[in-house]
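Remarks on the overall topology
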Amino acid sequence: MAVLFRYAAFVSYSSKDARFTKHLHRALESYLIPKSLGEFDLIGGGKKNRLYPIFRDREELSAGHLGERIEGALKVSATLIVVCSPNSAASPWVQKEIEFFVSLGRRDKIYAIIADDAPLTDAAGADCTRACFPPAFQGDALADDALEPLAADARKGKDGFRNAWLKVVAGAVGVSPGQLIDRDKKRRRLQRRAVGAGVAALAASLAIAGAWIDASAWRTRLSAHAVSLASEGRPLDAAPFAVAGLSGRADALRVRSQEADDAASGIGLHIPIRSNFDIGPMSEISLSGDGRFLGTTDRRGNVFLYDLSEEGGEPKWLGEQFFSLSFSGDSRFLLLGGLSGDEAFLYDPADPTPAPMPLGPLIAFDFSPDGRFLLTIDNRFYGRLHDLNDATREPATLGFLVPLPHSGFSGDGRFLLTLDRRASGFLHNLAASAAPRPLGELYPFHFAFSRDGRHLLLLDQNRRGFVHNLDDLSAEPIALGRIREADPTYGFSADGRFLVICGPIDDCGLHNLAEREAPIVPLGSLTAWSFSADGQFLATRTQDIEGFLLALGSPNEAPIPLGELGARSPFGFSRDSRFLLTMELRNQVRTEAVLHNVVGAAAEPFHLGEIADYFFGERFLLTRDVNGVAFLRDLDDLESELLNLGPVADRGGFQFSVDGRLVATRDAAGDGAVRDLHAPFAQGSGARLRAEICAGSGNALRPFPREVRSSNQGPQRVREALEGRPWNPCDWRGLLAIWRDPERGDGWFEGLRQWLRLMHVRHFGGGDDWLCQETTSRASERTRAARASMCARFAASEVAEETNE
């Protein structure tokens, strides 16, 4: 019959050995017997392969007998474990517990363990081991039949505590102590390895966390510095710091933050920069009509010419003391002029090496729209007409001319209007060699050519208006009556079909020049108007600041109200005539820009908020807000996120190329950049955003300013973050940069080499820091040339700024 027990063991001990017994009790109950030795259940239905539970008496027994509680516990205990020591040897209660357990017929289930604090020898040096055993184990308690339990010795120099109680466990479950001890040693070795691995993993995790925190901290500092520079109106100075704040794809720890992404987008780095200009603060920028060339002047009149078809090409210095520059309409020529009366020169921008053509001291000049003719007026007010198609031909002398407030050439370049000192006008037919046609005395400076070059509006001295048909000069001009004095007074549509004229009592009307018999459409009293480029729409603003949109192809349709418009706010159409931008009045003071889709009549107006000015490109709308920050919006996707170009200058801060492909900007500090609107925009974030920016603009970025990188003038923590790193952040290689990159470096452990150099420079007190023009190992010749150009421009910028100061 199987016997079921309640306790796996009963521990008998002297209360004086309570400390050791408590330790033993905890060790025995918590130990899991290896399953490789088999399956053990000491009490039946208990915990498998465990000595659990174990009974431990915590109080001395009352004199005379054991007591029912102790006897009951002994009866239901599978084994008896006796803690042996001089204390337990002298304890009658330990003796009685042994005797009672033996009386139950389980003498072979008694195990002895000598306490670890029991003495090894007595004062005379004799062995004290026998003195640790109770009388029952010495043959004087049970009819001279001594018990011989498995004895384990926990004392130092003997079995030791762990091996001792493992012997007890081995006896209790019936296996060899050696088997249990060997397996325990193996288990503990594995545990130590696991703990060691855990500690190593924890240490690695802490190291990684520390490195991540450090990387996050210094990248945050760089991004914050970029934001600070941008807020000062220096987005191009901020650009390298913004890129450096982004993690790279080869970084061992990619630290992405929204702040870094915002810093990069906040200065327009989403749009590829074709060229970057660092020749000191600029006072003027000018794009050629074909978008190939860009000319700049600084505050001292130094002129530099950039060929935008040569990515990273060196600018050409064209001279100094020039404060105005202008390209011809066909981009073949560039005219440089100084202050009023100073010498002017004509350059061929495609080949400015030959000596420029001197034009003498000029006070005014004007190119014909087709770029064939150049009108100049010298400091004696004598005019000359140059035929740029025939450089050997002497310019035609036009006599004394009054400089006009706008171009005197017709839109198609066929005619030129000049005004002499008596305000007499002359019309020159540039396509014929005939003498100029006298126009009589005119009201000074009031004339207008239609853009198609077919009509010319003139005002005589009595402010009466006449429209001449330039295709038939012999025809009688159309008389328009008296014209009001306040501007605006007249204006042609872009296709030359329509003309708005305002009379002396502000009765404005719309004339259809294509149909002379058509009635004049009354427009009321207007303070501003704008024709669409295709001549299909007219937007007006009345003296009551009410705006209206008229469809010129349907004159009988009622005008579409546009609401109240700002009294002095501009409004106009996009180049493709799809959109009209107006400035609606809010709260009688503030104006809000609104974009109307005039083609999609059912489309809701799109609100742009407060802006200071705007400019339509071929596909994009560029606006500048009240803080001077420029934004670019795609007209094909108005709901898309604004692209931030950063702060730009108040006057002449941006310019589109004629085809709308390029936009040139000049920031508040005078530094300029050209962005390619036809190139793919950066769409990513974090490491991907950095890769896209470096692919599109890496060779156009400035180096980190020397004042921050190599002196004590900049923020110390920013300077520390740059120490030991290349001057262009697109050259920074992460530890995982082990694949070849033909542009940035050879790739084979390039990141590790760069990291070792960083450590050497920053922490080990040796090694030279990076030079400005230095690149990573085996970078392409293109990258090396770009870095050399970058540093040369940077050095020239420093010299120019010092000179200007």
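Look up: the structure comes first, before these words.
Below you will find a few notes about this structure. What you are looking at is a predicted structure, and each value in this text was computed from that prediction instead of being measured.

As a further point, take unusual backbone geometry. That bond from Tyr52 to Pro53 is cis: its omega, -5 degrees, falls within 30 degrees of zero. Mapped onto the elements of the fold, Pro53 is located in the loop between helix 1 (18-30) and strand 2 (54-56). For the peptide bond that leads from Asp487 to Pro488, omega is -5 degrees, which places it in the cis range. Of note, the phi angle at Arg463 is positive, near 65 degrees, even though the residue is not glycine. Its location among the elements puts Arg463 in the loop between strand 21 (455-460) and strand 22 (464-469). The backbone phi angle of Phe749 is positive, close to 55 degrees, even though this residue is not glycine. Along the polypeptide, Phe749 turns up in the loop between helix 11 (716-722) and helix 12 (750-762).

Let's shift gears to the packing of aromatic side chains. One pass over the structure, following the stated rule, counts 15 aromatic pairs. Arranged with centres 5.2 Å apart and planes meeting at 75 degrees, the rings of Tyr31 and Trp165 form a pair that is edge-to-face. Placement of the pair is Tyr31 in the loop between helix 1 and strand 2 and Trp165 in helix 5 (residues 161-173), with a sequence separation of 134 residues. The same class applies to Tyr31 and to Trp165, which are both buried. Here Phe447 and Phe449 contribute two aromatic rings whose centre-to-centre distance is 6.3 Å and whose plane-to-plane angle is 80 degrees, an arrangement assigned as edge-to-face.

Time to look at a positive patch on the surface. Taken together, the side chains of Arg183, Lys185, Lys186, Arg188, Arg189, Arg192 and Arg193 present a region of like positive charge at the surface. Tracing the sequence through the fold places Lys185 in helix 6 (residues 177-231).

Here the focus is the state of the cysteines. Evaluation of the coordinates by the stated rule reveals three disulfides. Covalent S-S linkage joins Cys502 and Cys508, the inter-sulfur distance amounting to 2.0 Å. Across the S-S bond of Cys502 and Cys508 the torsion is about 105 degrees, and the bridge reads as right-handed. We classify Cys508 as buried; its relative accessible area is 3%. Across a sulfur-sulfur distance of 2.1 Å, Cys694 and Cys730 are joined as a disulfide pair.

Next up on the list: the sheet that holds strand 39 (residues 643-647). Overall, antiparallel pairing links the four strands, which are arranged 36-37-38-39 in an open sheet. Where the open sheet ends on each side, the last strands, each with one partner, are strand 36 (613-616) and strand 39. The mean angle between the axes of side-by-side strands here comes to 20 degrees, regardless of whether they run parallel or antiparallel.

Calculation notes
Residues numbered from 1 in each chain as written. Predicted model: local features only at pLDDT ≥ 70, side-chain atom pairs only at ≥ 80, totals over all residues. Heavy atoms only, no water. Helix = DSSP H or I, 4+ residues; strand = E, 2+ residues; numbered from the N terminus. Phe/Tyr/Trp six-rings, centres within 6.5 Å; stacked < 30°, edge-to-face > 60°. Buried < 20%, exposed > 50% of the residue type's maximum accessible area, 1.4 Å probe, protein only. Patch = residues over 30% accessible without salt bridge, like charges linked within 9 Å, V, L, I, M, F, W, Y side chains within 5 Å. Areas by Shrake-Rupley, 256 points an atom, 1.4 Å probe, with all protein chains shown as cover. Salt bridge = Lys/Arg side-chain N within 4 Å of Asp/Glu carboxyl O. Lys, Arg positive; Asp, Glu negative; His and termini not counted. Charge placed at Lys NZ, Arg CZ, Asp CG, Glu CD. Disulfide = S-S within 2.5 Å. Pairing = 2+ DSSP bridges. Axes fitted to C-alpha atoms, helices over the stretch in contact; angles between N-to-C directions.

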